[in-house]
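# Secondary and tertiary structure notes
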Amino acid sequence: MKIESAQDPSSIDSVFSALTEREAQILIRLPFRVGVWISSSDTTGGAEAEARELKTLETIVSSYAQEYLKSEFVQKLMERTFSAKADWSRWTQGVERVPEECAQLMMRLESLLSARELAAFRENLVDIALAVAMVYREESGSTDTPVSSGGFLDSALRVLGFGRAQEESHVNISLAERKALRQLAAALKVPDPVRAMSR
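Residues numbered from 1 in each chain as written. Predicted model: local features only at pLDDT ≥ 70, side-chain atom pairs only at ≥ 80, totals over all residues. Heavy atoms only, no water.

Quick look at the overall build of the protein now. Looking only at helices and strands, the protein has 10 helices and 0 strands in total. Going from N to C terminus, the protein has its helices and strands arranged as α-α-α-α-α-α-α-α-α-α. Within the protein, buried positions represent 51% of all 199 residues. In the protein, of all internal contacts separated by at least 6 residues, the share reaching a separation of at least 24 is 73%. (Helix = DSSP H or I, 4+ residues; strand = E, 2+ residues; numbered from the N terminus. Buried < 20%, exposed > 50% of the residue type's maximum accessible area, 1.4 Å probe, protein only. Contact = heavy atoms within 4.5 Å.)

Spelled out as structure tokens, the structure:
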């Protein structure tokens, strides 16, 4: 007699079925909200820089929804985030709660995801945050100088793994964004990503 294998406990459906409705909504929104939170942490670049950062964020979410980059769980989650694009404008509200949301969600996901899937999820959020932070050289005082000659989309794709990020990219991250990235890292229980890049 053939015994059917149990459903993978790390599958997207299994995880969502174990979460409350509020937790599930936080999970779907978090990849987008992390990017918005990083973008809003530094306003020195003005409206133009913010618009480019949000465009980068859209590119990231779209790329993850279409490409298998880190794990099946991450890809399926990004598909759900992207499919709710019509709601993104509402998701920009209350982004100051993002670190708290990350910390709370990590506590729940540690018992629901495999170590590999949990690491991929954390890396996914950090990658999004870094890509948004590196869009413009805000710290240089110039809002019209892209991170690389390829422009902000090229920079985002490099962070996503579609190329080799420039070694000096970490210097493009403003002090305010570095602080936000450290807060995010603490909430996700991972090393400071900017410090890791500068080694």
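Here the narrative resumes.
It is worth spelling out the pattern of salt bridges at this point. Scanning the entire structure with this criterion turns up 9 salt bridges. Taking the shortest distance from any N to any O, the salt bridge between R80 and D13 comes out at 2.9 Å. Of this pair, R80 sits in helix 4 (residues 72-83) while D13 is found in helix 1 (residues 12-18), placing the two residues 67 residues apart along the sequence. A relative accessible area of 28% places R80 in the partly exposed class. Classification of D13 as partly exposed rests on a relative accessible area of 45%. The salt bridge involving R116 is made with E117; its shortest N-O contact spans 3.8 Å. (Salt bridge = Lys/Arg side-chain N within 4 Å of Asp/Glu carboxyl O.)

Now for the packing of helix 2 (residues 21-40) against helix 4. Between helix 2 and helix 4, the least distance of the axes is 9 Å, while the angle of their chain directions is 85 degrees. In terms of axis orientation, helix 2 runs roughly perpendicular to helix 4. Where helix 2 abuts helix 4, its residues L27, I28, P31 and F32 lie against F73, L77, M78, R80 and T81. In the contact of helix 2 with helix 4, the residues fall into 7 nonpolar, 1 polar and 1 charged. (Axes fitted to C-alpha atoms, helices over the stretch in contact; angles between N-to-C directions. Parallel < 35°, antiparallel > 145°, perpendicular 65-115°, else oblique. Nonpolar A, V, L, I, M, F, W, Y, C, P; charged D, E, K, R; others polar.)

Looking now at helix 7 (residues 115-133). Between the first and last C-alpha of helix 7 there are 27 Å, a value that for 19 residues agrees with the 27 Å anticipated at 1.5 Å per step. The element helix 7 is largely enclosed, with a buried count of 15 among its 19 residues. (Expected span 1.5 Å × (residues − 1).)

What follows concerns the packing of aromatic side chains. One pass over the full model with this rule turns up 4 aromatic pairs. Ring centres of F32 and W88 lie 4.7 Å apart, and the angle between their planes is 25 degrees; on these two criteria the pair is classed as stacked. In this pair, F32 is assigned in helix 2 and W88 in helix 5 (residues 88-91), connecting sequence segments 56 residues apart. Look at W88 and you get buried, because its relative accessible area is 7%. Between F73 and F121, the aromatic rings sit 6.2 Å apart at their centres with planes inclined by 75 degrees, giving edge-to-face as the arrangement. Linking F73 in helix 4 with F121 in helix 7, this pair joins segments that are 48 residues apart in sequence. (Phe/Tyr/Trp six-rings, centres within 6.5 Å; stacked < 30°, edge-to-face > 60°.)

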